[in-house]
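Observations on chain architecture
Residue strings, one per chain:
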Amino acid sequence: MSEPVRHRVPGLPDPGRCLVMGVVNVTPDSFSDGGNFFDPDIAIRHGLDLMAEGADLVDVGGESTRPGAQRISPREELRRVRPVIEALAAEGVPVSVDTMRAEVAEVAIGAGAKLINDVSGGLADRAMAPLVAKAAVPYVVMHWRGHSHDMNNRAVYSDVLTEVRDELRQRVDGLAAEGVDPSLMVLDPGLGFAKKGSHDWELLAGMDTLAELGLPMLIGASRKRFLGRLLAAPDGTPRPFQQCDAATVTVSALAAQAGAWCVRVHDVRPNADAVRVAAAWRAAAR
Ligand code: PMM
């Protein structure tokens, strides 16, 4: 088995294995945990719990990107995320902010966020690239073809793997032309975003093709619909997302083995175990 390149991202933890990003959705309507952590105190407690369970960083988001979701105002997004980021950062937690808006990213950095996780890869807000260039913080560039309300219509590919790779390359080049340092970029194939289930599987199986771009890779498979459909009942009813955590954990182990830099997950403890198993396996193989 050839050894995937191990990346490190300046300013973020480097445990020598795939990182685990725990998710805190401060939203009433996210796909798998909407409403659970809408109260700031509960969200902060949850972020601290995720760290205690083995997360390396915590991703705080205020806007749901579930298929069909409508946008909220920047003011409302900030109202949701700012106190949570401030409190977690004050406790020494490495925080990432899940936002498509430069305005929110800027306030989040001021509140202590160390990473901007932009599911639009800079396409939703023209002001994002200049902000990231100026702030010089790590930046997740996810593959994206449009907002949630109509992204399913854009899940049309003749070869998903090469098209996603090439569209990500265009984003990297475009962002670099606007002054974003490529050594601070992390790429993400955007599982479930303008993708059908078969596309998600092809992207996971083709991580080595995406790795040709030479940048660290983040994988967000946790509780997504393609897992529920894989595990559907005999009558075709998809498995509810709450019962997809074992499948998520398996993806985490395989993604870590394939060289992922980070996995973004809701249920941290078993996924943290999985990436540690993958790291021990690989170390012993050497
Ligand atoms: N998925 C969701 C939200 N943010 N960020 C990145 N980088 N990658 C993802 O795949 C991703 C993301 C949607 O998941 P959730 O609403 O269930 O947390």
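Values in this document were obtained by computation on a predicted structure and should not be read as measured data.

1. Quick notes on the pairing of strand 4 (residues 115-118)
Burial along strand 4 is two-sided: Leu 115 and Asn 117 and Ile 116 and Asp 118, pointing in opposite directions, are all buried. Here strand 3 (residues 95-98) pairs with strand 4 via 3 bridges, running parallel. Among the inter-strand pairings, Ser 96 is bridged to a residue of strand 4, identified as Leu 115. Here strand 4 runs beside strand 5 (residues 139-142); their pairing, made up of 3 bridges, is parallel. Its bridge partner lying in strand 5, Asn 117 is registered against Val 140. Tracing the backbone out of strand 4, into helix 4 (residues 128-135) and back to the parallel element strand 5 gives a crossover that is right-handed.

2. As for the packing of aromatic side chains
Per the stated rule, a full pass over the model turns up 1 aromatic pair. For the pair Trp 201 and Phe 226, a centre-to-centre distance of 4.9 Å together with 75° between the ring planes defines the contact as edge-to-face. Here Phe 226 lies in helix 8 (residues 225-230) and Trp 201 lies in helix 6 (residues 197-205), a separation of 25 residues in the sequence. Residue Trp 201 is classed as partly exposed on the basis of its relative accessible area, which comes to 33%. On the basis of relative accessibility, which here comes to 3%, the residue Phe 226 falls in the buried class.

3. A closer look at the packing of helix 5 (residues 160-177) against helix 6
Direction vectors running N to C along helix 5 and helix 6 enclose 70°, while the axes themselves pass 9 Å from each other. In terms of orientation, helix 5 lies roughly perpendicular with respect to helix 6. Mapping the contact onto sequence places Val 160, Leu 161 and Val 164 in helix 5 and His 199, Glu 202 and Leu 203 in helix 6. Looking at the contact of helix 5 with helix 6, its residues break down into 4 nonpolar, 1 polar and 1 charged.

4. Looking at the pairing of strand 1 (residues 19-25)
With 7 of 7 residues buried, strand 1 lies mostly within the body of the structure. Inspection of the sheet shows strand 1 paired to strand 8 (residues 262-265) by 4 bridges, in the parallel sense. Considered in strand 8, the bridge of Gly 22 is made with Val 265. Two elements, strand 1 and strand 2 (residues 57-61), share 5 bridges in a ladder whose sense is parallel. Looking at strand 2, one finds that Gly 22 is bridged to Val 58.

Thresholds, definitions, all that
- Residues numbered from 1 in each chain as written.
- Predicted model: local features only at pLDDT ≥ 70, side-chain atom pairs only at ≥ 80, totals over all residues.
- Heavy atoms only, no water.
- Buried < 20%, exposed > 50% of the residue type's maximum accessible area, 1.4 Å probe, protein only.
- Helix = DSSP H or I, 4+ residues; strand = E, 2+ residues; numbered from the N terminus.
- Pairing = 2+ DSSP bridges.
- Right-handed = clockwise from strand over helix to strand, strands pointing away.
- Phe/Tyr/Trp six-rings, centres within 6.5 Å; stacked < 30°, edge-to-face > 60°.
- Axes fitted to C-alpha atoms, helices over the stretch in contact; angles between N-to-C directions.
- Parallel < 35°, antiparallel > 145°, perpendicular 65-115°, else oblique.
- Contact = heavy atoms within 4.5 Å.
- Nonpolar A, V, L, I, M, F, W, Y, C, P; charged D, E, K, R; others polar.

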